[in-house]
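In case you want the letters, here they are:
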Amino acid sequence: LRSSKMARRILMLFGLCWAGLPHLAHAAAAKSDAEAIFREGVRLSGSGRSSEAAAAFGRAAALLPPTTHAAHIANFNAGAELLRAGPGRAAEAVLALRRAVALAPSVASAAAALAAAEEQAGDIPAALSSYAKAVHLSPQDADLRVQHGILLERHLGTSAALEEAAGQFRAALRIAPDNAGALYNAAVIAEKTARSQE
């Protein structure tokens, strides 16, 4: 009696495992398809076909489990390719890059790419916020500080924004004393400040 109960339990467990195999097979096939589509996106990107590459990366992201690192990379690449495709695709780039940032909120490059897309889409407050987050995540990145400072200087123009921008340029120069963008923009702000005090 005991062995027949054990046999039924084993068969039941085997049956449950067997019932789950099609789902596992489907997941494995989706992953394999996503990898193939992702590789196609890389090939298209390498040949300068940004819109097609973005579409491929987007399809790959849709096939991947949404909380994986691979999904973050696919969304990031889709957004980057949409940015390369031109200003007409900026709103789509923002959506893809927001998904990438949501999946990996501590990745500075994703926050910076999102900021660039938001700026291109004309959402300056969002771009400023994303640049601030990117700088917070990667404070030793002089180029990020320069981009954040440029956005502050060009789009806000208030004395407080100019001072904050100057602070970003000074910080960039402490990190990379020969950073041309920081040198140039710090000089521009110094000239603007001197003119305003005349």
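Please read all numbers here as calculations on a predicted model, not as lab measurements.

**Concerning the pattern of salt bridges**
Opposite charge on two side chains lets them pair, provided their charged atoms get close.
Turning to step 1, where the next piece is worked out: Here the structure, examined in full by the defined rule, presents six salt bridges.
Turning to step 2, where the next piece is worked out: Put simply, E81 and R84 hold a salt bridge, and the shortest N to O gap is 2.5 Å. Taken together, the residues E81 and R84, both in helix α3 (residues 69-85) and three residues apart, mark about one turn of the helix.
Turning to step 3, where the next piece is worked out: Owing to a relative accessible area of 3%, E81 belongs among the buried residues under this scheme.
Turning to step 4, where the next piece is worked out: Note on R84: relative accessible area 57%, which makes it exposed.
Turning to step 5, where the next piece is worked out: In this structure, the salt-bridge partner of E163 is R170, at a minimum N-O distance of 2.9 Å.
Turning to step 6, where the next piece is worked out: Judged by relative accessible area, which is 47%, E163 ranks as partly exposed.

**Notes on the environment of L137**
Turning to step 1, where the next piece is worked out: Tracing the sequence through the fold places L137 in helix α6 (residues 124-137).
Turning to step 2, where the next piece is worked out: Among the residues examined, L137 registers a relative accessible area of 31% and is labelled partly exposed.
Turning to step 3, where the next piece is worked out: Remark: the alpha-carbon pair of L137 and A112, spanning 25 residues in sequence, is separated by 9.9 Å.
Turning to step 4, where the next piece is worked out: Ignoring anything within four residues of it in the chain, the contact list for L137 reads P105, S106, V107 and A108.

**Observations concerning the packing of helix α8 (residues 159-175) against helix α9 (residues 180-196)**
Turning to step 1, where the next piece is worked out: Two elements in contact, α8 and α9, have axes whose closest approach is 9 Å; the angle formed by their N-to-C orientations is 145°. Of the two possible hands of crossing, α8 and α9 adopt the one that is left-handed. Contact with α8, carried on its side by L162, A165, A166, F169, A172 and L173, involves A182, L183, N185, A186, I189 and K192 of α9 and no other residues of that element.
Turning to step 2, where the next piece is worked out: For the contact of α8 with α9, the class distribution of residues is 10 nonpolar, one polar and one charged.

The rules behind the values
Residues numbered from 1 in each chain as written. Predicted model: local features only at pLDDT ≥ 70, side-chain atom pairs only at ≥ 80, totals over all residues. Heavy atoms only, no water. Salt bridge = Lys/Arg side-chain N within 4 Å of Asp/Glu carboxyl O. Helix = DSSP H or I, 4+ residues; strand = E, 2+ residues; numbered from the N terminus. Buried < 20%, exposed > 50% of the residue type's maximum accessible area, 1.4 Å probe, protein only. Contact = heavy atoms within 4.5 Å. Axes fitted to C-alpha atoms, helices over the stretch in contact; angles between N-to-C directions. Left-handed = near helix turned anticlockwise from the far one by under 90°. Nonpolar A, V, L, I, M, F, W, Y, C, P; charged D, E, K, R; others polar.

Keep in mind these values describe shape, not function.
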